[in-house]
Structure formats: C-alpha cells, structure tokens
Amino acid sequence: MEQRKQSSGRLPGITREAEEAHLAQTIEITQQNLNKNIAQEQSLKEDIHTLLETYGAKDVEALSLIDNTQIMYETVKRDRSRLEKARKKPYFGRIDFYDEDSKKDEALYIGRVGISKNIIDKVVIDWRAPVASVYYENAVGPCEYTVQNEKTYAIDLLMKRTYEIENDTLKDFYDSDVVANDELLTKYLAKNKKAVLGEIIATIQKEQNEIIRKSPKQNVIVQGSAGSGKTTVAMHRISYILYNYDKEFRPEDFYIIGSNRILLNYITSVLPDLDVYGIRQMTMEQLFTRLLYEDWDEHTMRVHALEKEDSFIHIKGTLFWFQNLEEYCRKLEEETILAEDIFLEVPVKTSSVRRTSSKVTFQKTSKILLTAEAIAAYLNENPEVSIQNKIAMLNKRVMAKVHNEITGKDIRYTADDKREIQKKYRWYFGGKEWKTSIFELYADFLEEQRLKGYQLPVPENDFDVYDLAALAYLYKRVKEIELVREASHVVIDEAQDFGMMVYSVLKFCMRNCTFTIMGDVSQNIHYGYGLNDWEALRKLFLTGPYDSFELLRKSYRNTIEISNFAMRILQHGNFPIYPVEPIIRHGKDVTMAQLSDDKELYHYTAEQVKHWQKEGLETIAIVCRDEKEAEKIKKKLGKKLSVTGDDLENTEFGSGVMILPVAYTKGLEFDAVLLFDPSREKYPSDDAHVKLLYVAATRALHELAVLYKDILTGLIADPVPEREQKVFKVEEKKPVRRVVRKPEVVEKPELSEKPITKPKIIQKSMNLSEHHTSELSGVQSVHKFGDIPDNSILRPSGHGRIDTAVRWVEQTACGVACVSNYGVLHVSPVNDAVIRVTFGAGQKIKELFQNSQTKIKWQQKETREAILINTKEIQLTVDKKSGAISYANAAGKTVLKEKTAPPRQMDVVKKQNWMYFDWSRSERLSAKGVLKDDRLPLKNTTKYICYGEKSKRFPLVHSNLGYGIAVAADSDVLCCNIPMYGPYISTEHMELIDYYFIIGATEADVINRYVEFMNG
C-alpha cells in the first residue's frame, strides 16, 4: 500500500485547474498531430504526382513504389478523419487504477478515437480498446479486463471521471461509480438528437457495453424495453467489431435489416459519428429479393406490405409453415433424385442393322455404377446442398465411374460405343440448370397445402415478406448452382415484427452469417404473426443463455480424423474454442511424411495427387503459404500434373488440381487437400497462424496429407500446451440440437458475389446556360431579406441522417453522377468559375440532365477514396465515404468543405432540405442583398436570405475567402451559422438540393461573377 501512495503522485492532477491544464496540453498535441497529418498527406500527394510524371508505365520498380505510396496516402487520409474528430473533443472519460502486473498506478483518458504523442506514449485511448471496458462496466474497487488472444489483467480501479468539454473548454466533470450520473445524463438527453448522438459514447451503460463488446462470432438476441437504446447499441457494436477485428471483418460484411425505410434511415444516421461507412442497409423484403438474384424481376414484380386483416399471414408466418415447406422440398428431392442402383448399360451389338445416332438399344449389365445406399447416403449427409448441386455432383460421380469402366485395360469398346455410353450417363440425374421456375414450385406447394385444408391464395406478381421468404428458401434449397457470398454479420432491428418463418429461412439461406437480433416482444404490433416471445428464436439461434461465442453450424465437411487433426491445431491458440461436433463420418488417418530435400518433396507431392486421382477424388488442392510459393510450385509440378487456375484472381473452382495460397482457400472445400511443407518458419506458433493453418486443414472433405522437409510447424508437431483450455459449452438442459461450434477462426468465403445492378443515368434536356432561372416562377416567400426565424424551426426534422455514401459513379454529358443508397449527387461544371451541385432522392435528379453539354474543358479522376473534378479555377473533391464535397482554388487551397456528418439532409414529405457546410470560426460570411452594396453579416446568427415575393434572383452567401454559394430556390431560403444547430443553408418547398459554387480571387470578384451569372 505504501508503494501505491508513492506512485500515485505521478498521476495527472485531479483538481479543476490541473484538468484544464491537461486538456490544453492534449488539444495542443492533437492539433500538432493533425498538422503533421495534413502535411504528410500533401507530401504523399505530391510524391505520387512526381512518380507518375517521372516514370513510364512499364517500369516495374516504379510501379511498385507508386502502389506503396498510394497505399500510404490512403492510410494517411483515413487517419486525418479520425484526428479531426479527436481535435473537436479529445476525450470524455478517465480511469485511475493500480495495475497488479506493473505494480504502479496509471491514469488513462478515454475518447472517441485514440490520440498518441508518439509511438509509445498514448495520450488518449479509443473507447473501443479492451481496457476501456473498465470505464463502462466496473465500479471503484478490484476488477479485470481481457485483451483478446493475450490474457486477463487484474487491476484496482481508484477513480472514474466523466467530462463535459465544449469548444476547447472544460465545462464540468463528474466522479461516479457509474459511467454517467443522473445529472449528466439529463443534460445530454436535453440536447437535440444530433448532439445526443455525439455524446452516446460517453454515456454507455454497463449492460449496453456488455452487448457492444460481445464477439462478432456469436449470435446475440437482445430484448430491450422502449427507449433502452437497442438500435444505438447495435450500431456501436458494429463500430467496436470493425476496430478490434479489422483483419477479419469489413463494413461490407454487415447487413442492417429493418422493417421499414424510415427506421433504416435513423439507424444509419448513427454510423458516420462512429467511423463506420459503407454498411449495407435494407428491409427484410429487400433482403429476400436480393437472395432471389436473377429470378427477381423488379420491373414486373412488386412487394406489398402485410395487411393486418389478412388471416393467411397467421399461417404463413409460423414455424409450422416453414416445416411444411421443408417437407415439400424433401419429397421433391426424393422424386427428382431416385435412390436406386444404377447399372452400367451398353449398346446392343447387331450385325445386320447399322445403328444410327437417333435410336440406340441398350442392354443392362450386372455392373453397378452407384448403389442406392451410396446415393441415399450422399443426399442425407448434405442437407444444405441444393437439389441442383446434388444433381451436378451425382452426375460427376456416375460419369467418373463410367469413365473407369469404359477405359479399363481389360475392357474393349469401340469409339461409337464409348460415345453412346457417355451420352447416356452424362445427364443421368438431370441437366445443368433447374428448369422449373421457383414461382411455379411455390404455386405447387400452395396447392399441396390447399389439399391439406389451408386455403391460401396463389400470388401472381405481388408478394408479401413471407411469400418472398418461401421463394428465397426454394431458390437456395432447389435450384442454387453457385454459392454467392452474402454478409458475415446481420443486424436485425425491431425483430419482433417478423414471424419464425422469416428466421427459419434466414438461418438456412445465410448459414455462414452470425446475427445480432434486437427487439421488444412487448411492442409486437403484428401479434398474430410476429414474435410474442423469444423461445422459438432462442432454440433456433442460441445454445446457451451466456454463450458469448456462438456459431450455429454443424460441420458436414470433415471426417472425424480430419476434424480431430484440425482441432489439435486450434488448441494451440490462446483464445477460447468450442467443442467441435462433426457428423459421424470416419475416413483415413491424416497422412504425414517427412522428405529429405526439395526434389523428393515435389516427387512425393505429385505421386500423392496421382494416387488420389486414381481413387476417383476429383477436386484436389495443394495448399501453400503465399502466392509466391504457389507460383513456384506450379512451375515445378506443371510438367508432372495438369494444374488448373493459372490466374488466382479470376480462376473458377471446379474439378482438377488447384495450387492455392492458404488465403485463397477460404470458403472452398476439396475432396483431398495436401499441405505443402508447413514449416515452423512459415507457420510460427502464434494465434494468427493457428487460425490460418486451421483453415487450410479444414478444407478437406475426405483425405488430408502433410508433406514437409526440415522442421514441421509446432502447431502440428508439438503436443497441445498443458494449460486450462477455455471452452464454451452448450448447456445440456436446453432442448437444443447440438451443432458444430467453430472456434475463433472465422471463415469468410471468397466466392463470387452477385453485383448490384447499376441503374442507367436517364437524362433530360436542359440548357445550363439558362442557369435554372427559366424554371422559376417567382420567389413565393412571406419572409423578407434578413428576417430572423423562430428558434423552434432551426433543428432539422426527421429521424436521422440519410445515407449519402457514394456507391458508384457515372459520367453524364454535362458532369458526374455520384449514386448513393438514398439518391444521386450530380456535379456539373457550368464554366471555369461556377459549378452546379444538385442532389435528390431516388433517381429524380437524373431527369434534369439530358443532352446537356458544357462548353468548357474539365477533368475527372476517380480514386478508391474520392472523385476529383477540376476546371481551370476550381478543384472539387467528393469523398466517397460520406458524399461530402470540398472546394479548392486553382492553387489547391481549400476554401470550403461540406460537413461529412452529414453533408446534406432531406425531408421528402415536407420538401425541406439542408446543406451543411464546415465554415471556420474566423471566416466572414455575408448574404448579398438586392441593392449593389447590401450585405447581411451572417456570423453566429440565423437569417432568411431570400428576397420576398418578387425577385427571381438566387440568394447568395459569399465569403472573404473568395467563394460564393448561390441557392437555386423559389421559396424560403434560410442560412443558419449557429454551431449548435448547423451550420447550414436550408430551403423549403423544394424537391431537390440545388446550388451553385462560385470561385473568385476576391470577395468582390465573386459578387461580380454572381451578377454576370444571374444576368446570363
């Protein structure tokens, strides 16, 4: 204790004066980091330009240098966004504790993002860091926290403090056992929604934090009462996962599913503040139409909402209905694929009559190609494989047997006989594609149910969510050919709105996913077909009430021998694992052989593959460590083996021998796998390589061989460490079918993904030289220039921000269209000094542009992060993550930026729009009046800047930095330059956001150009 008293003097002070001094010091460090980042970003940008100008396109070394520099540039740009957030509010919390390991007191400040003085000294830690969990979950006193793949640390928490910081000033701070006391929570909740979202990270409660920090490799069901923060917790959970598991999960691996678009718009409004971009959001109906792929025709088919009075939904939404559909597909499979002995039949030889290709007589022999038992076993062992894929696999198997029979040494067939035999058996079980429409199958299923007494109507081209769920199941269960990668993690909000039919289908169709399911059964407005309790869903998704790492998928791939081998690899990892329960299917032991040198290693590799091929194994993989080694092996074995897939990026999985880096095998499976020389050097004994080697070993369906020279990796050669293994067990008391529980390794299949069809830019004639004025019929506003609005209207309406992240880009005749989930942002250079910016919901914006062309030369460039558009005087950049625009002059100096969170907002019902700009505090803004010298100052104020009922002039906001914003509107235009509400420019009674950016050398120059522009 004496040691602790001595060490505590090294902690930062706890008085107000000391805290204010510490805040000032942190702000200074943060600003320095931001300045360095900006300078580094500019330097890298210049380096890339110099490299491109200096070296030719065929200079290999230069191309590599350019690529590396580009990667560094993109990384620095991402860091800048985080640093800018840190600069606005460096931290919100602090914990003081005694560390049992280091035997000293420590103090950590916690913020939205981490801040470092240098590589070693952390000034502020990120709220998602493991140690930050102490701030949210523990009271003062002994506690602990766990670092993934490391250990659990014991500490004694001495103090927990929460700060209110605004405009670089420490307003107040609170010491409490809970994260935020009632006084502080009341202050935060009294603010507007935008402000509250910015403070949520500081006020996360213990029970919320426990959900947020659960592993992404488990399924989570959350029952939360009204107002408990379920939706916000789910979004913070995604942010936490992307921070701590960044090598395993990407934003595009997540789907957010809601019951309607309004809810989804609110959900995604939280994400930009959490450094999360690119998350796909959709309704449950949209998810199922996506799972129908090419079978869904958006032009002829439509979706309708559930009708409460529709009594049929009470049947279609139940687990019972899904079980009926399962039984229908099982019988369809039995009728389609007959489990009966298949005998070899040969053409009848005749001497008097010459056979023709149109009619051939066959005679059955006693030779059995496939037994009924073998067919039945294959069908039963692969319940998740579609009927069509089973047909394809059985066709391959029977053809392999036919090939063996007609090419044997002691068998003699003529070329014509061989051709006829192969022709007979090639499509024995069926063709390449399923011929019957899934819509016809659904109608047939409903007819079958009608005979059982369930009189449900057959939908024509109009479907509800349960119709779509049934169709998605039929597609996956019956006709699927190619596995298409969907999400890795799905977040479902308001889960009580959907019946068990939906979740049963999701579980089958998206079996590689994990789920976060949020809802409140007390708020089930669809009482008859939604969820009134969680029991059925818990039985479907959960194996235990506190199982933090849960994956409900049974392994149908590996034999017991291969599974046990892979588990021994996995047990070398220092992370919790699951008890694996593979299906009871035994096979050969794993082959292990040490060779003396490279020559012998390559020789035995070729011999092993040939042996497997003779045994009838069709898909074989030689798995090596990386691409370089794969290329080397291909060159060595190319003379001895026929190898498929020369191009790793474009190769298609199929029969034959594939030589693959382990990273390329994720999601694939092979009849046999050979691990090529897994040495200690290639696979050191750390957690990362445990997972990597485990993935490689579990690719094998039937046989696995390990060939090596020198020293075998300890992950295979060494015994499993003698330590207490953390194992998550399924509680036996739960009436749940046991399934395979995969450990920390997450398989994200690298399979081809169905592309989202990009809508074509539909353009409509408009002469840009008219500057939009011909479309105005006169400003219809009761407000005069300079009127002050009521404060009650300053906060934007609506649930939350819209999703403006750019999904794809298309060039039009007069500009560039940036398409987002919400709508289209169109950028049109009018002349060298004026650029028009328009934004509208859906595809409405595209109607403004058809056969329009600018008369000036302008340039467009697209990078991974942004779209660049340059005229002689303007450099415009659209950030893809947010859709925000920044404007720079010809010298490259940024003069104006739209805010990134959000850049714009729309209320399509009230026809109100908001354009958010990041105006600096020192910037002098004014609005142009009707008279030549009329200028309305706009610093820290809110004013109407429209001209009443007569003038057709566009309201103009101009800056001393040398730019202006002319708003194309024929009604109320409001400029709000008060930080707590904006700052923004808003319009009313307008379906589109429409404004013109004008650049000038001086403020007077901007006004002159505006006048010239308005005069045409």
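Conventions used here
- Throughout, residues of each chain are indexed from 1 in the direction in which the sequence is written.
- The predicted nature of this model means local features are confined to residues of pLDDT at least 70 and side-chain atom pairs, given and counted, to a pLDDT of 80 or more, with totals for whole chains, interfaces and linings taken over all residues.
- Side-chain descriptors were evaluated using all non-hydrogen atoms of the structure, hydrogens and water having been removed beforehand.
- Salt bridges are identified by distance alone: a Lys or Arg side-chain nitrogen within 4 Å of an Asp or Glu carboxyl oxygen.
- A 1.4 Å probe rolled over the protein chains alone gives each residue an accessible area, and that area as a share of the maximum for its type sets the label: buried under 20%, exposed over 50%, partly exposed in between.
- Under the scheme used here, helices are H or I runs from DSSP no shorter than 4 residues and strands are E runs no shorter than 2 residues, and both carry numbers assigned from the N terminus.
- Axis definition: a line fitted to C-alpha atoms, limited for helices to the stretch in contact. Angles are taken between N-to-C directions and run from 0 to 180 degrees.
- Here the angle decides the label: under 35 degrees means roughly parallel, over 145 means roughly antiparallel, 65 to 115 means roughly perpendicular, and every other value means oblique.
- Note on definitions: a residue-residue contact is assigned when non-hydrogen atoms from the two residues lie within 4.5 Å.
- DSSP calls a pair of strands paired once it identifies at least 2 bridges connecting them.
- Nitrogen and oxygen atoms within 3.5 Å of one another constitute a polar contact, given that in protein one can donate a hydrogen and the other can accept it, and given that sequence-neighbouring residues count only through two side-chain atoms.

Q: So what's going on with the pattern of salt bridges? Residues and values would help.
A: If you walk through the whole model with that rule in mind, you get 45 salt bridges. Linking aspartate 96 and arginine 94 is a salt bridge whose minimum nitrogen-to-oxygen distance equals 2.8 Å. Arginine 94 matches aspartate 96 in its accessibility class, with the two residues each being buried. A salt bridge links glutamate 334 to arginine 330, with the shortest nitrogen-to-oxygen separation between them at 2.4 Å. Of this pair, glutamate 334 and arginine 330 both sit in helix H12 (residues 319-336), four residues apart, which is roughly one turn of the helix. By relative accessible area, which is 45% here, glutamate 334 ends up partly exposed. You can call arginine 330 partly exposed: its relative accessible area is 34%.

Q: Before we move on, can you summarise the packing of helix H14 (residues 387-406) against helix H17 (residues 465-479) with the specific residues and values?
A: In the contact formed by H14 and H17, the axes pass within 4 Å of each other and the chain directions differ by 5 degrees. With respect to H17, the element H14 is oriented roughly parallel. Taking contact as the criterion, the partners of Ile387, Gln388 and Lys390 in H14 are, on H17, Arg477, Val478 and Lys479.

Q: Could you give me a rundown of the pairing of strand S33 (residues 912-916), with the residues and numbers involved?
A: The buried fraction of S33 is high, at five of five residues. Side chains Gln912, Trp914 and Tyr916 project from S33 onto one buried face, and the interleaved Asn913 and Met915 project onto a second face that is buried too. Bridge count for strand S32 (residues 904-907) against S33 is four bridges, and the pairing is antiparallel. What sits directly across from aspartate 907, in S33, is glutamine 912. Adjacent in sequence and paired antiparallel, S32 and S33 are bridged by four residues, among which lysine 911 carries a positive phi angle near 55 degrees. Two elements, S33 and strand S40 (residues 984-988), share five bridges in a ladder whose sense is antiparallel.

Q: An account of the side chain of aspartate 99 is requested, with residue identities and associated values reported.
A: Looking at where aspartate 99 falls in the secondary structure, it is placed in strand S1 (residues 93-99). Here aspartate 99 falls in the buried class, since its relative accessible area comes to 7%. Of the polar contacts made by the side chain of aspartate 99, one reaches the backbone nitrogen of aspartate 101; its length is 2.7 Å. There is a polar contact of 3.0 Å between the side chain of aspartate 99 and the backbone nitrogen of serine 102.

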